[in-house]
Amino acid sequence: MSKMNLLQAINNALDIAMSTDPSALCFGEDVGHFGGVFRATSHLQEKFGKARCFNTPLTEQGILGFANGIAAQGMTAIAEIQFADYIFPAFDQIVNESAKFRYRSGNQFDVGGLTIRTPYGGGINGAHYHSQSPEAYFTHTPGLKIVVPRNPEQAKGLLLASIRDPNPVIFFEPKKLYRAAVGEVPDEDYQLPLGQAEVVREGSDITLVAWGAQMEAIEQAAQLAEKDGISCELIDLRSLLPWDRDTLAHSVRKTGRLIINHEAPKTSGFGAEIAASIQEACFLHLESPILRVTGLDTPFPLALEKEYMPDHLKTYEAILASMNY
Amino acid sequence: MSDKRLTDAHIVHDSVFVDASALQIPTLRILQEDGTPYSDAVLPVLDKTLALKIYDTFLFIRALDERMLASQRQGRISFYMTETGEEAADIGSTAALQDDDMIMAQYREQGALAFRGFTPDQFMNQIFSNEQDLGKGRQMPIHYGSRQLHYMTVSSPLGTQLPQATGYAFALKAQQKPNCVICYFGEGAASEGDFHAALNMAGVFKVPVIFFCRNNGYAISTPAHEQYAGDGIAPRGIGYGLKTLRVDGNDVLAVLKATQEARKLAVEQHQPVLIEAMTYRLGAHSSSDDPSGYRNKSEEDTWRAKCPVMRFKKWLIHQDWWTEADDEQRKQQHRDQIMTAMKKAEKVPAPPLRDLFTDVYDQLPWHLQEQQQALIEHIRKYPQAYSKTAGRVDHE
Ligand SMILES: Cc1ncc(C[n+]2csc(CCOP(=O)(O)OP(=O)(O)O)c2C)c(N)n1
Ligand SMILES: [Mg+2]
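No experiment lies behind these values; they were computed from the predicted model shown. (Residues numbered from 1 in each chain as written. Chains lettered and ligands numbered in written order. Predicted model: local features only at pLDDT ≥ 70, side-chain atom pairs only at ≥ 80, totals over all residues. Heavy atoms only, no water.)

Structural notes on the pattern of salt bridges
Residues and elements named next belong to chain B.
Turning to step 1, where the next piece is worked out: Per the counting criterion, the structure on display carries 41 salt bridges over all chains.
Turning to step 2, where the next piece is worked out: A salt bridge links Glu346 to Arg76; the nearest nitrogen and oxygen atoms lie 2.6 Å apart. Of the two residues, Glu346 sits in helix α12 (residues 324-347) while Arg76 sits in the loop between α1 (48-73) and α2 (87-94), which places them 270 residues apart along the sequence.
Turning to step 3, where the next piece is worked out: Residue class for Arg76 comes out partly exposed when judged on its relative accessible area of 31%.
Turning to step 4, where the next piece is worked out: Taking the shortest distance from any N to any O, the salt bridge between Arg138 and Asp359 comes out at 2.8 Å. Taken together, the residues Arg138 in the loop between α4 (120-127) and α5 (161-174) and Asp359 in the loop between α12 and α13 (366-381) connect sequence positions 221 residues apart.
Turning to step 5, where the next piece is worked out: On the basis of relative accessibility, which here comes to 17%, the residue Arg138 falls in the buried class.
Turning to step 6, where the next piece is worked out: Three or more residues joined by partner-sharing salt bridges are found here, namely Arg295, Lys297, Glu300, Asp301 and Arg304. (Salt bridge = Lys/Arg side-chain N within 4 Å of Asp/Glu carboxyl O. Helix = DSSP H or I, 4+ residues; strand = E, 2+ residues; numbered from the N terminus. Buried < 20%, exposed > 50% of the residue type's maximum accessible area, 1.4 Å probe, protein only.)

Dropping the structure here:
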């Protein structure tokens, strides 16, 4: 075990992935010598050489097309998009290419060796273009896997699993937690399962589900609710596609209540998918409507970021509303 | 015949691969380091008033960048970007335009905006994201925009302004306006697909646009030689059918002359132009960056010696249009003015809560009205948690 922050855990996972798989390559804007603008790829070029960890020209469309080619050839491509807000020039390569490579060729070709790492979310005074949570654009795309870790130990195990999964994976990193989240991380090579949620805390009155940095908000809200004698069950979804409906449905059948929290805007956010599926699976068990506590249906702001965020207080209010329904 | 491809021109009978050696692109320079023009140099159109206005903008920008970087270090603002070392490129080129020509900037062109007359108060209101910011406190510092000054609001995603510039210029031409668009971008952004789309479309549609590349050697940590393998950005203009010119970006007279002539081509002949200004980003990429991780000081010192402000000052002094005493006095005036504006802007409150919701659309649809109402009620319940807006929600 070592104490690491989330960035160090990611760096450690990349180091292990490259050591154990000689065909693994790490590339993107500024990831080479400099080690990335957040330093997630620090020292990888020193250790593995310029042929395996390198800067690309400044073109996300190019990076993903190039990564698809590398993966199609059979090597392991770990591409960094500097901010999730800048993934959109690569949208075509991801949505029309990475996601459909296997299906359209009748499984003759695939880009299963592709992993896209990208920092997402608010909390750094980044405004419109350094704060977005664009996961729902991609959960709407069959063929992709979507993963979001909540802390260093999870980040390492989930990233290793993503890199080794034989499907293209987008790994969204909560940049607000890069240096803020510190925890014990096993030193060895380990993987955490994709597609499986984790019950972080058991409870009996209401289920709260989130992922990534928003886990903090639901944990704080649960503490507030505890003082009112409300017992919350907390679930970290971890994978958004495919997502673990069974674990969530099992919990909701027990508690009869569900609150979904995400940072992205409400309309067509991933919360809508969860709410629809859970009411299908648990209709007769529900004691109150499923509620969503989310970002506003506006671009991500700057001066009024605090007002925008689906914080613990908004979540706590939703818990009370659900309990008093 | 509609097939106009040249398939029969210059036939050879053994393979000849063409490379960069076939294309020697000259660099326009007018002023020597000592501030005197080359003897055969053809000067731009420039009187004392314009020369001093350009130089005064240099001094203002130096003072602004220095002060705001210091303010970032003091924690007064969250973020800043300087254009130190590149002042001749954006200010010299904007000085060649009409005031109502459109500017589409990347983000490191505050000098162009200052030249157009953006006031210290306007700069500060944007940087401090207060309620007087024209952008309503929504974007990070340095994302300026002014409809009045024909300066399109800056957007962080790189390269997006390039094809927009082509479209904007197309619309100017369609409406027979006697104007052009100047579109600034870095040599890094020129790797984006949007760059290629923009130049190709400008060439095909023959629109009045000047693409102005600030080739400052770096895109954050990535040096130009890891950005492209060819001879810079200029040859691409030729490939797309644009008139192309490379200029010493630290020589303001050369930049001014290049852009004056580019404007003529663009406006009078609807001939799109690419200008590549060779310069150097003397400062860090932004206040979040530390260049010591990827380049050495001696390289920076070499370029510091080629300071565009210094070179132009020497010329002004040779002309008897400026003195060292004027210089000291004016620098101090700028510093004082910026300090005063900063202290004022710091005290202006944040934008009101309604500015979170307005302008998503021209009018608030039902779902935003609902979200706004719910948020107001929530803030009333927890005023301590939302101190920027709590005091005022009752007046919304
Ligand atoms: C689409 C997109 N990708 C990445 C970024 C992050 N980014 C901001 S500035 C920058 C470097 C730009 O370099 P260049 O175009 O040369 O301009 P300079 O900073 O040198 O003025 C990068 C990679 C971005 N803003 N937009
Ligand atoms: Mg550059």
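Focus: the interface of chain B and chain A
How big an interface is tends to be stated in terms of the accessible area lost upon association of its parts.
Turning to step 1, where the next piece is worked out: Across the contact, 45 residues belong to chain B and 38 residues belong to chain A.
Turning to step 2, where the next piece is worked out: Summed over both partners, the interface of chain B with chain A buries about 3300 Å², with 61% contributed by carbon and sulfur atoms.
Turning to step 3, where the next piece is worked out: Between chain B and chain A we count one salt bridge in total.
Turning to step 4, where the next piece is worked out: Glu317(A) is the partner of Lys381(B) in a salt bridge, and the nearest nitrogen-oxygen pair spans 2.9 Å.
Turning to step 5, where the next piece is worked out: Our enumeration of links across chain B and chain A arrives at 13 residue pairs in polar contact (both at pLDDT 80 or more).
Turning to step 6, where the next piece is worked out: Listed by contribution, the elements that provide at least two residues to the side of chain B that touches chain A are α7 (224-227), α13 and α14 (387-390) of chain B.
Turning to step 7, where the next piece is worked out: It is α13(B) that contributes the most residues to the side of chain B that touches chain A, seven residues altogether.
Turning to step 8, where the next piece is worked out: Tallied by class, residues from the side of chain B that touches chain A come to 21 nonpolar, 17 polar and seven charged. (Contact = heavy atoms within 4.5 Å. Buried area = accessible area lost by both parts, 1.4 Å probe. Polar contact = N/O pair within 3.5 Å; in protein donor to acceptor, adjacent residues only side chain to side chain. Nonpolar A, V, L, I, M, F, W, Y, C, P; charged D, E, K, R; others polar.)

Considerations on the UniProt feature "domain: Transketolase-like pyrimidine-binding" (unreviewed entry) in chain A
Turning to step 1, where the next piece is worked out: The feature "domain: Transketolase-like pyrimidine-binding" (unreviewed entry), as annotated in UniProt, sits at residues 4-180 of chain A in this numbering.
Turning to step 2, where the next piece is worked out: For residues 4-180 of chain A, helix accounts for 36% and strand for 18%, while the C-alpha atoms at its two ends are 10 Å apart. (UniProt positions renumbered as here; feature names shortened; annotations may be inferred.)

A few points about the coordination of the magnesium ion (ligand 2)
All names here are of chain B.
Turning to step 1, where the next piece is worked out: Looking at the magnesium ion (ligand 2), the protein donor atoms are Glu187 (OE), Glu187 (OE), Asn216 (OD1) and Tyr218 (O), and they sit 2.1 to 2.8 Å from it.
Turning to step 2, where the next piece is worked out: In this structure, the magnesium ion (ligand 2) is surrounded by six donor atoms whose angles at the metal cover 50 to 173°, and the resulting shape is irregular.
Turning to step 3, where the next piece is worked out: Between consecutive donors of the magnesium ion (ligand 2), the numbers of intervening residues give the motif E-x28-N-x1-Y.
Turning to step 4, where the next piece is worked out: Asn216 sits in the buried class, given a relative accessible area of 3%.
Turning to step 5, where the next piece is worked out: By relative accessible area, which is 9% here, Tyr218 ends up buried. (Donors = N, O, S within 2.8 Å, 3.2 Å for Na, K, Ca; no water. Tetrahedral: all angles 85-135°; square planar, octahedral: opposite > 155°, others 65-115°.)

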